[in-house]
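# Examining the three-dimensional arrangement
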Amino acid sequence: MQSFEKNKLFWASCLALLVTSLSFGIRAGILGKLGTDFQLTASELGTITATAFWGFPLAVVIGGFIVDAVGMKKLLVMAFLFHLLGIVLTVFAQGYWTLFISTLLVGIANGTVEAACNPLVATLYPDNKTTKLNHFHLWFPGGIFIGTLVVLLFNYLGFNWQIQVAIMLVPTFIYGYLFSKLDFPVTERVASGVSVSTMYKSVVSPLFLFMFVCMFGTAITELFTGQWIDILLKNVTDNSILILTLTTGVMIIGRGVAEPIVHRFSPQGVLFLSSVFAALGLYLLATLSGNSIFIGAFIFGLGVCYFWPTMLGFVSENIPESGALGLNLMGGAGMFAVSVYTIFMGNFYDQLIAANLAADIQNRPAEEMDNLLELAKNAAGPEVLKVTMLIPIALTIAFAGLTIYMKSRKKVLLVE
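The notes below deal with the structure included here. Given the structure is predicted, the values throughout are model-derived calculations rather than measurements.

## A look at the overall build of the protein
Of regular secondary structure, the protein possesses 17 helices and 0 strands. For the protein, the spread of C-alpha atoms along the principal axes amounts to about 75 × 50 × 35 Å. Per-residue burial over the protein gives 56% buried out of 416 residues. A separation threshold of at least 6 residues defines the contact pool for the protein, and within that pool the share at least 24 residues apart is 85%. On the protein, roughly 17000 Å² of surface is accessible, and the fraction owed to carbon and sulfur atoms is 68%. Here the protein holds 21 positive side-chain charges and 22 negative ones, and the gap between their average locations is 11 Å.

In structure tokens form, the structure reads like this:
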């Protein structure tokens, strides 16, 4: 391990993840503009957004199966090429299908980054996995935070959305150059001599399958809400994109100070507390209005802060034989769940608007239609958040059970 430039590999990984998260932050900020410019419905926007979440699990799962054989460096070269192609195609998009394909390519690139970088971080820091994965994944909310600020600044300056997307090419070229020059270790599983059959057995163990299912919920709670916040709450507050900025700002700080928190409460304890705060935060986002909604954003940020990296850290620490495949199956599960949920909720959002309009449209003059549409959207967004709130409530119960189970397992191990 000493022969590898650990810090340079880690920081290059962070830069690659920054590009991944910039794509989320900038897309969240320009989603409304894309709908206007290309005359897309909420269902079509939901499908386009979901393609990023389709590409991600496709790439991360395939990457999980081949990373031990082909090596992490080759995967990251592929990620660079997919990012480059997807960003350029987005800039020159002409309508629904070019947006669909370009977003899919960026999603594949994002998944390939995680397929290589999650096992890379676990390999570089075998004695401190959950903390370092939190530090690495700090750059996911970090990129969204930067992305939303870029959207706000460029909108203020009058720049179009194509320029906002093109800005992602800068860190893309930098991380591509860095990874091309660095040497990589083999994955932790390969280095430790764990057999392929043992790896496959570990990913069908009851504990892994439990975490796999829970990943559906943690990913939806964090990523669906973040991607759709500008649309869902646009008519509730004048600064809906700032909700995402605040939420991701809280996540950056939280992941940066993860070490004492993870050590104090244990990964499973952190997941339980996160679910409680996420549910409360969604409730407040759905019920508050005006500037007071930022209280809900702050609490929601605390809730989703540790979800993704701590889920990965828990699996890597407690089911180490699962190796890179285990980490990547978890990531794939999360993103696939978000893709399905995003399409479903896009349709649900359109149905809520139609139902609200149908209830208000009777005996109203035509000139009031625009106002009625705004009122319908105003009512629909919080309803979507209330439905989504049921997911972290279920997770609270699940992680309470996990905490009890891990304590009992620890006692058994101590007795033995």
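## Regarding the packing of helix α3 (residues 72-91) against helix α4 (residues 96-124)
Interhelical geometry of α3 versus α4 gives an angle of 155° and a closest axis separation of 8 Å. Considering the angle they form, α3 stands roughly antiparallel to α4. Relative to α4, α3 is oriented so that their crossing is left-handed. Considering only residue class, the contact of α3 with α4 consists of 20 nonpolar, 7 polar and no charged.

## Considerations on helix α13 (residues 258-287)
In a regular helix each residue adds 1.5 Å, so 30 residues correspond to 44 Å; α13 covers only 30 Å between its end C-alpha atoms and thus falls short of that length. At S266, α13 shows its largest bend, some 95°, and a proline, P267, comes one to four positions later.

## Overview of the pattern of salt bridges
If you walk through the whole model with that rule in mind, you get 4 salt bridges. The partner of E5 in a salt bridge is K8, and the shortest N-O contact between them spans 3.1 Å. You can call E5 partly exposed: its relative accessible area is 41%. Taking relative accessible area as the criterion, K8 reaches 49% and is therefore assigned partly exposed. Close ionic contact of E383 with K386 constitutes a salt bridge, the shortest N to O distance being 3.7 Å. On the criterion of helical spacing, the pair formed by E383 and K386 is a turn pair, its members being 3 residues apart in helix α17 (residues 369-415). The class of E383 is partly exposed, set by a relative accessible area of 34%. According to the relative accessible area criterion, K386 is partly exposed, its value standing at 34%.

Cut-off values and rules
- Residues numbered from 1 in each chain as written.
- Predicted model: local features only at pLDDT ≥ 70, side-chain atom pairs only at ≥ 80, totals over all residues.
- Heavy atoms only, no water.
- Helix = DSSP H or I, 4+ residues; strand = E, 2+ residues; numbered from the N terminus.
- Buried < 20%, exposed > 50% of the residue type's maximum accessible area, 1.4 Å probe, protein only.
- Contact = heavy atoms within 4.5 Å.
- Areas by Shrake-Rupley, 256 points an atom, 1.4 Å probe, with all protein chains shown as cover.
- Lys, Arg positive; Asp, Glu negative; His and termini not counted.
- Charge placed at Lys NZ, Arg CZ, Asp CG, Glu CD.
- Axes fitted to C-alpha atoms, helices over the stretch in contact; angles between N-to-C directions.
- Parallel < 35°, antiparallel > 145°, perpendicular 65-115°, else oblique.
- Left-handed = near helix turned anticlockwise from the far one by under 90°.
- Nonpolar A, V, L, I, M, F, W, Y, C, P; charged D, E, K, R; others polar.
- Expected span 1.5 Å × (residues − 1).
- Bend = angle between axes of the 7 residues up to and from the residue.
- Salt bridge = Lys/Arg side-chain N within 4 Å of Asp/Glu carboxyl O.

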